Each structure stands twice: as structure tokens, then as C-alpha cells.
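Each chain, letter by letter, is given below.
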Amino acid sequence: MDEKVNTMTAQSNNKNSVVYEIYVKSFCDSDGDGLGDLPGITSKLDYLANLGVDYLWLTPFYPSPQRDNGYDVSDYCAVDPRYGTMEDFDELVAAARERGMGIMLDMVLCHTSNQHEWFQRALAGEERYQRYYILRDGKGSMGPGDPGEPPTNWQCVFGGSAWEWEPRLGKWYLHMHDSSQPDVDWANPDVRDEMAGVVRFWKERGVTGFRFDVINLISKPEVIEDVPGDGSACRALVADGPHVHQYLKELVERSGIDGMVTVGEMASTGLENCIRYTNPDEHELGMSFSFHHLKVDYRDGNKWKLMDPDIVQLRRVLREWQEGMQAGGGCNALFWCNHDQPRAITRFGGTGLEGQRGGSWEHVGKMLAICSFAMRGTPYIFQGEELGMTNADYTSIEQFDDVESHNNYRILLEGGSSQEEALRAIQARSRDNGRTPMQWTAGENAGFTCGTPWLAVPANHVRINAEDEVGAAGSMYEFYCELIALRKGSQVLADGTVRFLDTGSGAPKVIAFERVLGSERVVAICSFDSEGCAVDADGLGIAACGDVLLSTHGGIGKLSHGALALRPYEALLIAC
Ligand code: NOJ
């Protein structure tokens, strides 16, 4: 391993780093089969190095039936031929390292695919492997061969029962996600052994970090029983379960990854647990993803019921997680977008004028970037976010691929929604919004593939694409380059304390906070308001501040006492 990466590994949790998520299937296709692949990523490393990011998180590229786009793994220690070979992987690791970037891999250790050898051997009758999964008799079963009813009323994350009857086992198996993704039983020490071996395998291949998929769901409750209501409450019951910290500590120790860059995806989690997951004294993980700030546009907490984002609630959640993690010595992963989320620029800014310089599209994208990068934690960029990519523009359900979208479309229709209503919900919330092919050029298929893309390319690639943005003064991409450089060079943004500020009653849709380190102070002011508004410069303590380090709109006059007018979606980063 060369010096550059050694240094990065040692500093892995120093909060100066920026992580870039690559959704492998949609990033760059090198062989014309319509799917992104590992050589495609290697071919774009200069683009990524130029952006200034430190780590590339790759979504799963392991052999998989692709029912959940690779999050249904059938072999943990191999490369799916559709994405390349192990040599391609080694080449990517080495080429990234030469450019000063490390590779982070996605570890999907909470469930396997039902095509995984372990599940297949369980089906073939091997008891050792039957003990790898969570198997139960049906409710009211009259004996072997009679399924009865599912063991509990639990609903899986993708909609429908969390239990699947398997006649070859004569049992139901638990799947918190798709029925092709049986959960493994982490209470079984053999399973914990296997999983530590998987992580060690990739560590020894030269990766510098790991992202752990729904890792807070690995410890199931001692007693598995019905939950009140429609069964979806089981997710809160399974989250942050009784032995999760013990299992994580053991995994980290046995795979030798303590101190590496690690992040856990924490579903339906709580602050206290995330502090424990990420406080360095606990020797669990480096940082955690939580999702409460991305539920502020769920009506009644239901993802498929649409409403405008509630910015007062957004501020409350961000404040709780920023100040709360700080108080407990934990660390947040900062993000708006990933492969499971609609594009934030559409979500918080609506549609219209996409790709138009000087329009709300540009301001919303830049405002969100400032807000995220100025907070305490490690910023993540999801591919295309740095270009201002928006939601897919699909107009029929057939254009969507995602299993969750199709399940919920059906559930919405069964629940009485019209086809138009159901489609509107999917258009706004589908995970495919984040999974459309990367927009490299204005040309055919956005330069993603010379074949037929696995998922349709949005029409706005003619205005929003890397070719037009790289090197173009004031573009979203160049703005990101500037912001990343600023963040990486700023001690106060890396290590300063965070405190949310009161913006005054005239600005309920403005989120402002300060970062302080010694005598240095930086204030971020971010307006989520589609109208102009005014904040109180004295209340924010910025009246006598000096430089505007970065802004969405440019053209800020001298700061002074009294009201500071903000234009729609304006954000300022101010040094005091
Ligand atoms: C979270 C991943 O990000 C998502 O894409 C996947 O479907 C589920 N976990 C199940 O692995």
C-alpha cells in the first residue's frame, strides 16, 4: 500500500474527508450491455479526483439475482460477471489509490439472497445452514406441512408480509426486505464467524472502508410476536435490537477494521444508539446514516402519502441530531441523496427550470450542498448530485424497475387509490429517481452506455451533464469542487462545535447554525423558502462578520446590523 492511502487510513475518521457514492449499475457502462461496471468506474477516476473526493463507496457488485439490484447477495466474495472481474476490481483499487482515493465497499450482512449457497444448503436439508436463518412454524399450523398463517403480523420494508412459507423447510422464514432476501440469524455464532470472514476478505484486498447495510437490524428481539396495528411497527422493534452493539464490536474486532472509515446504515434508529455506534470509545463504527430528516415530507409518517417538506420539522431534526451526536461524542454521515432516495433538488425545490443557470434549480442544489457540507460530520455526495441531477421524468409505471415501487403501486391500488394517484406517489418517492443513469453528456443515453440503458435516462440530460459543467464557471459541478476544497481545508468545519441559531420569526424556513473552533467562527444560513425573506443579522451574530466564504447567488453586499434579506433558496457561508 502506498503512502497516500496509508495516511488516509490513519486519518480515516478525521472528518476532513468527503465520500462519493457510486451506484455501480448506473454509473458508467464500458461494454455496451446497458449496465454500469467496474472498468467504467476506473475510466472516470480523473473526473472524481478532480472533484476532490477522498473515498468512493461502491454499491454491491457481488453475484446476485438482482431482485434488489445487488442488495440480494448470492456470493459475498466474488464479482458478478455483469460488473467485471476480480482483476477489474484490483485494478480499480490500485488506480483509485494512485489518485489519492480509497474504495469503500457495501457489506450486506443482515440478509442473503435466497440463491446464496447457505440458503440453498438449508433447503437441501443441512441443519447447520437451517440455523443460519430465522425459521418459524405458522400460526395455527396443524403440524408438519401445514403452513397455517404467517407466524406474526410483521410487514416487510418493501410492503407485504415479512414471512415467506417454504415447503422444502416446512417453515416460514423471516425477510425484512424482499421475500428473496431471507434475514440471517446473528444470534448464531457461526453466522457471526462467516460475516467477519467476509469483511476480512475484502479488507485484505486493499479496500479502505466499509458501508454496512441496515446493520442495526441484525439483532432480532428475543421474542418474535405480533405488533400492534398493521404490522409495520415491527421495524422499530427490530431496529437497534438487544445484542446489536455486542455483535458490531465483535465484527469490528474480528475483521480488524477498527479505525478504518466505516459507516452504518441505521434504519428507524434512535440518537442514543447512534452515539454508541459511532463514539470512538465504543470501537464500533466511524459514523452512521440516519433518515429522520428525510421523512419530513411523509404525511402521517407514510412514505407514499405526499406533502410538501415541513422545514420547521427539518430544522428540529437536524438540530437534534447535530447537537445530540456532538454531546455524546458520536458522528453523523451528512447526506441528502442516495440510491434509496428521490433527488433532493426536486424534493426541496420542486420542478421547473431544471438545468437553467440562475433559476431555482441551481439555487436549491447549491443551498443544499452548503447546508450539508457546513454541518458537523462527514459529507457524502451521491453520483450526479454534483451535477444537479433531478428526479426521473417517467410517465408510466412500466418505466420503473424497483421492486419497492412496484409492490407499493399495487398496494396503493388495492387500497383504493386511482392509477393517477398511485403513479403520482411513485413518481415522487420511487428509489429509481436516484438510480437513473449518470448524465455524462448531452448525447445519446447521456453518454452512460452505447447500448440500451437498464433504466431510462431523463430527458434533461441535454442541459444537466458533466461534459457541459466541468470547467464551466459557476456550474453546479464547479461549485461542488469549490465547496469540497473549502471544507477539506477548513479546520473549523472539520472539528468545530455546532450550534443551531435562531433566525427570528420572519424566517421560519431558514436553517442557520454556527461552527466554532477557538477564535474561529463560521455561520451557515440556508433558506429553504421559495419566496424572499429576511433574517435578523444581530440575532445571528453576523452583523460584524467579515468574508462571505461561499454563496448560492453571489453579489452579497457588506453585512450590517438589522435585517438581512435573503432571496429564494439563498445560502451563505460566512466567516466571522
Ligand atoms: C438498504 C439499501 O440501501 C437498499 O437499497 C436495500 O434495498 C436495502 N437496504 C436492503 O438491503
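Note that the structure is predicted; figures quoted are calculated from it, not measured. (Residues numbered from 1 in each chain as written. Predicted model: local features only at pLDDT ≥ 70, side-chain atom pairs only at ≥ 80, totals over all residues. Heavy atoms only, no water.)

Some thoughts on the overall build of the protein
Across its full length, the protein carries 18 helices and 18 strands. Over its C-alpha trace the protein gives a radius of gyration of 24 Å, about what one expects of a compact globule, namely 25 Å for 576 residues. Here the C-alpha coordinates of the protein stretch approximately 80 × 55 × 50 Å along the principal axes. Taking all 576 residues of the protein together, 60% fall into the buried category. (Helix = DSSP H or I, 4+ residues; strand = E, 2+ residues; numbered from the N terminus. Rg over C-alpha atoms; globule rule 2.2 N^0.38 Å. Buried < 20%, exposed > 50% of the residue type's maximum accessible area, 1.4 Å probe, protein only.)

Some details on the state of the cysteines
Inspection of every chain in the model, using the stated rule, returns 1 disulfide. Each sulfur of the disulfide joining C545 and C576 lies 2.0 Å from the other. Note on the C545 and C576 pair: the S-S dihedral is about 90°, so by sign convention the disulfide is right-handed. On the criterion of sequence distance, the pair formed by C545 in the loop between strand 15 (533–536) and strand 16 (548–551) and C576 in the segment after strand 18 (571–575) is long-range, its members being 31 residues apart. Take C576: its relative accessible area is 37%, and that puts it in the partly exposed class. (Disulfide = S-S within 2.5 Å.)

Some thoughts on the nonpolar core
Core analysis: the largest hydrophobic core is formed by 173 residues, its most contacted members being Y20, L58, F89, L105, W202, W336 and F528. Those residues within four positions of F528 in sequence are excluded, and the remaining contacts are I311, L314, W336, F348, M367, L368, C371, K509, I511 and Y569. In this structure, L501, V510, L540 and L566 belong to the second largest nonpolar core, which totals 18 residues. (Core = buried A, V, L, I, M, F, W, Y, C linked by side-chain atoms within 4.5 Å. Contact = heavy atoms within 4.5 Å.)

Things to note about the pairing of strand 7 (residues 209–212)
Side-chain direction in a regular strand flips from residue to residue, so the side chains alternate between the two faces of the sheet. Side-chain alternation along strand 7 places G209 and R211 on one buried face and F210 and F212 on a second face that is also buried. Relative to strand 7, strand 3 (residues 102–107) runs parallel, the two being bridged by 4 bridges. Bridging from a neighbouring strand, M104 pairs with G209 of strand 7. Bridging between strand 7 and strand 8 (residues 261–265) involves 4 bridges; their strand directions are parallel. Bridge assignment links F212 to a residue of strand 8, and that residue is G264. (Pairing = 2+ DSSP bridges.)

Some remarks on the confidence of the model for the protein
Mean pLDDT over the protein works out to 95, with 97% of the residues at or above the 70 mark. A low-confidence stretch, residues 1–13 (pLDDT under 50), is modelled with 27 contacts involving residues beyond four sequence positions or located in other chains. (pLDDT = per-residue confidence, 0-100.)

Points about the environment of E385
Here E385 lies in the loop between strand 11 (378–382) and helix 14 (403–414). Judged by its relative accessible area of 11%, E385 is buried. Residues E385 and N338, spaced 47 residues apart in sequence, show a C-alpha to C-alpha distance of 9.2 Å. Among all residues touching E385, those that are not within four sequence positions of it are W336, C337, R343, Y380, M476 and Y480.

Topic: the site of the ligand
Lining the immediate surroundings of the ligand are 13 residues, of which D68, D213, H339, D340 and R431 lie closest. In this structure, D68 approaches the ligand through a side-chain N or O atom, which is 2.5 Å from an oxygen atom. The fraction of the free accessible surface of the ligand (290 Å²) that becomes covered by protein chains is 97%. In the shell around the ligand, the residues fall into 3 nonpolar, 3 polar and 7 charged. (Near = heavy atom within 4 Å. Polar contact = N/O pair within 3.5 Å; in protein donor to acceptor, adjacent residues only side chain to side chain. Areas by Shrake-Rupley, 256 points an atom, 1.4 Å probe, with all protein chains shown as cover. Nonpolar A, V, L, I, M, F, W, Y, C, P; charged D, E, K, R; others polar.)

Let's talk about the pattern of salt bridges
The full count for this structure, using the stated rule, is 38 salt bridges. Here R121 and E117 are joined by a salt bridge, their closest N and O atoms 2.9 Å apart. Of this pair, R121 and E117 both sit in helix 5 (residues 117–123), separated by 4 residues, roughly a single helical turn. Taking the relative accessible area as the measure of exposure, E117 reaches 46% and is therefore partly exposed. Where R435 meets D402, a salt bridge forms, and the shortest distance between an N and an O atom there is 3.6 Å. Pair noted here: R435 is in the loop between helix 15 (419–429) and helix 16 (466–469) and D402 is in the loop between strand 11 and helix 14, with a separation of 33 residues, a long-range link. Several salt bridges converge on common partners, so that one network encompasses D68, K303, D340, D402, E404, R431 and R435. (Salt bridge = Lys/Arg side-chain N within 4 Å of Asp/Glu carboxyl O.)

What to know about helix 7 (residues 189–204)
For helix 7, with 16 residues, the first-to-last C-alpha span of 23 Å sits near the 22 Å given by 1.5 Å per residue. Within helix 7, burial applies to V191, R192, M195, A196, V198, V199 and W202. Each buried residue of helix 7 lies within a common arc of 150° when the element is viewed along its axis, so the set occupies one face. Opposite the buried face of helix 7, at more than 90 degrees from it, the exposed residues are P189 and E204. Taking the backbone nitrogen of D190 as reference, a side-chain oxygen 2.8 Å away marks N188 as the first, capping residue of helix 7. Among the residues trailing helix 7, G206 stands out with phi positive, at a value near 100°. (Expected span 1.5 Å × (residues − 1). Arc of directions from axis to C-beta.)

Re the sheet that holds strand 10 (residues 333–334)
Read across the sheet, 8 strands follow the order 9-8-7-3-2-1-11-10 without closing on themselves; strand pairing throughout is parallel. Strand pairing shows two members of the sheet lacking a second neighbour, strand 9 (287–289) and strand 10, which therefore form its edges.

A short note on the environment of S64
Following the sequence through the fold, S64 ends up in the loop between strand 2 (55–58) and helix 4 (86–98). On the basis of relative accessible area, S64 is assigned to the buried category, the value being 5%. C-alpha of S64 to C-alpha of R82: the two residues are 18 residues apart in sequence and 9.9 Å apart in space. Apart from residues lying up to four places away in sequence, S64 is in contact with G70, D72, V73, S74, D80 and R82.

Points about the packing of aromatic side chains
Going through the model one piece at a time under the given rule, you end up with 30 aromatic pairs. Judged by centre distance (6.0 Å) and plane angle (35°), the rings of F210 and F212 are tilted. On the basis of relative accessibility, which here comes to 0%, the residue F212 falls in the buried class. Every member of this aromatic cluster is reached through a ring pair, and the members are Y20, F27, Y47, W440 and Y477. A cation over an aromatic ring shows up here: K44 above the ring of W440, its NZ or CZ 4.1 Å from the ring centre. Just above the ring of Y129 sits the side chain of R128; from NZ or CZ to the centre is 5.4 Å. (Phe/Tyr/Trp six-rings, centres within 6.5 Å; stacked < 30°, edge-to-face > 60°. Lys NZ or Arg CZ within 6 Å of the ring centre and 35° of its normal.)

Structural notes on the side chain of K25
Mapped onto the fold, K25 is located in the loop between strand 1 (19–22) and helix 2 (38–43). Of the side chains bearing the opposite charge, D401 lies closest to the buried K25, which forms no salt bridge; the N-O distance is 5.3 Å. At 3.1 Å, the side chain of K25 forms a polar contact with the side chain of Q66. Residues in contact with K25, not counting those within four places in the same chain, are L35, G36, Q66, N69, Y83, F448 and W454. (Lys, Arg positive; Asp, Glu negative; His and termini not counted.)

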